[in-house]
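# Per-entry structural report
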Amino acid sequence: MPLNRRISDQIDQPKDKREYVRNLFASVSSKYDLTNDIMSLGLHRRWKRHLVALAELQQGHNVLDLAAGTGDLGREVLAVGTRHKLDLNVTAADMTPEMIQVGRERTGSLGTKWVAGDAVELPFPDESFDRVLIGYGLRNFTELEACLGEILRCLARGGRLLTLDFGHPPMPLIRRCYYAYLNTSTRIVGWAIHRDPESYVYIPESLRRFPGQREVMHMMQTVGYETCGFEELLCGTMAINFGNRPAN
Ligand SMILES: C[S@@+](CC[C@H](N)C(=O)[O-])C[C@H]1O[C@@H](n2cnc3c(N)ncnc32)[C@H](O)[C@@H]1O
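Throughout, residues of each chain are indexed from 1 in the direction in which the sequence is written. The predicted nature of this model means local features are confined to residues of pLDDT at least 70 and side-chain atom pairs, given and counted, to a pLDDT of 80 or more, with totals for whole chains, interfaces and linings taken over all residues. Hydrogen atoms and water are omitted, and side-chain values are computed over all heavy atoms in the structure.

### With respect to the overall build of the chain
For clarity, the cut-off: Numbering of helices and strands runs from the N terminus, with a helix taken as a DSSP run of H or I at least four residues long and a strand as a DSSP run of E at least two residues long. A radius of gyration in this sense is built from C-alpha atoms; the matching globule rule multiplies 2.2 Å by the number of residues raised to 0.38. Contacts are assigned to residue pairs with any non-hydrogen atoms lying within 4.5 Å of each other. Accessible areas in this description were obtained via Shrake-Rupley with a 1.4 Å probe; residue shielding takes into account the shown protein chains only. Neither His nor the chain termini are counted; the positive set is Lys and Arg, and the negative set is Asp and Glu. The atom standing in for a charge is NZ when the residue is Lys, CZ when it is Arg, CG when it is Asp and CD when it is Glu.
Helix and strand counts for the chain stand at ten helices and seven strands. In terms of overall dimensions, the chain is globule-like: its C-alpha atoms have a radius of gyration of 17 Å, near the 18 Å expected for 248 residues. Dimensions of the chain, computed from the C-alpha atoms along their principal axes, are close to 45 × 40 × 35 Å. Put simply, 73% of the contacts in the chain that link residues at least 6 apart link residues at least 24 apart. As displayed, the chain offers around 11,300 Å² of accessible surface, 53% of which is attributable to carbon and sulfur atoms. Positive and negative side-chain charges in the chain, numbering 30 and 30 respectively, have mean positions lying 4 Å apart.

### Here's the deal with unusual backbone geometry
We count it as follows: Throughout this description, buried means an accessible area under 20% of the type-specific maximum (1.4 Å probe, protein chains only), exposed means over 50%, and partly exposed covers the range between.
Unlike most non-glycine residues, glutamate 127 shows phi in positive territory, near 55°. For glutamate 127, the position within the fold is in the loop between strand S3 (113–116) and strand S4 (129–135). Given a relative accessible area of 35%, glutamate 127 falls into the partly exposed group. One non-glycine residue, glutamate 143, lies in positive phi territory at about 50°. As for its position among the elements, glutamate 143 is in the loop between S4 and helix H7 (144–154).

### Some words on the sheet that holds strand S2 (residues 89–94)
Here is the rule we go by: Each pair of strands is called paired provided DSSP finds at least two bridges between the two strands. A fitted line through C-alpha atoms represents every axis, and for helices the fit uses only the stretch in contact; the resulting angles, taken between N-to-C directions, go from 0 to 180 degrees.
Spatially, seven strands are ordered S3-S2-S1-S4-S5-S7-S6 in an open sheet, and the strand pairing comes out mixed. In this open sheet, the two strands that pair with only one neighbour each are S3 and strand S6 (226–233). Here the average twist between neighbouring strands, direction ignored, is 15°. Across the face of the sheet, helix H4 (residues 43–54) comes into contact with S4, strand S5 (155–166), S6 and strand S7 (238–244) while running at roughly 160° to S5. On the sheet, helix H6 (residues 97–107) packs against S2 and S3 and is oriented at approximately 180° with respect to S3.

See below:
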C-alpha cells in the first residue's frame, strides 16, 4: 500500500497520533454514520450484529462498547437484550467528545451510560465488564499492546473481548485489489461528503500500520488472553478478533 507522507508524519508518534485521531473524528462526527454506510454499502451493520451475536450475552452482563463513536454496538447489545428479555448494562466509552455527543443524541433514552476515556488508561475499576466490544477502534489506538492489557484489567474473570476492524486479506490478489479500492474510495468519499479528499485517507494509512488479524491474535495471547482467535469476513478484508480473560 503506498505511503501517504502527509498523514504518515502526523501519526508516527503516539502523542501525535492521539491528537490526529481525536481531531479527525471531531471533524467527521456529524457525518460519520452516513460515511460508514456508503463506504461499506451498509455491510458494517451486518458485521456488527454478527460480533454482538458472537458475544453470547447473558442476563445481567455489564458490557463496554469501547471506542464507541456514535454507539452502534451498544445499541445492538440493547436490542439483543430487548429481543431475548435480558437485562444488560451498556457503557460506551470514547476519547472524542464530539463523537460522544452524536452518540448520546442517537442513543437517546435507551439507557447507555456514556463515558469519556482513552483505551490506554480506562477510567474503570478492575474486572468491571463481562464483555468488551470494539468496532473499528483497535486500529486507531496508540500503544496497542498496552491498550489490550488495559482492557484485560477491566474484564471480569472469564470475560471476553471481541473486536471488529479492517483486516489484511491473506490472498495477495484480493489484498492488492482491496488496498487499491480503499485508496480510491476514501478520497472520493472524503471529497463528496467532507469536501476534503484527505479526510478519509487515514483509513488506508492506519491499516498499513495495523498488524492485522493474525498478529492481533498473537498479541492478545502475549498479553494474557486465552482461547484467542479470529474470524475473517469478506475474504479477510474485515476481521473479528476475540479472546477471554482466564477464569482463574
Ligand atoms: C472508526 S470510529 C468507530 C466508531 C464505532 N465504534 C463504530 O464501530 O462505528 C473510531 C472511534 O474510536 C475512538 N478512539 C480512537 N482512539 C481511541 C482511544 N485510544 N480510546 C478511546 N477511543 C478512541 C475515536 O474517537 C472514534 O470515535
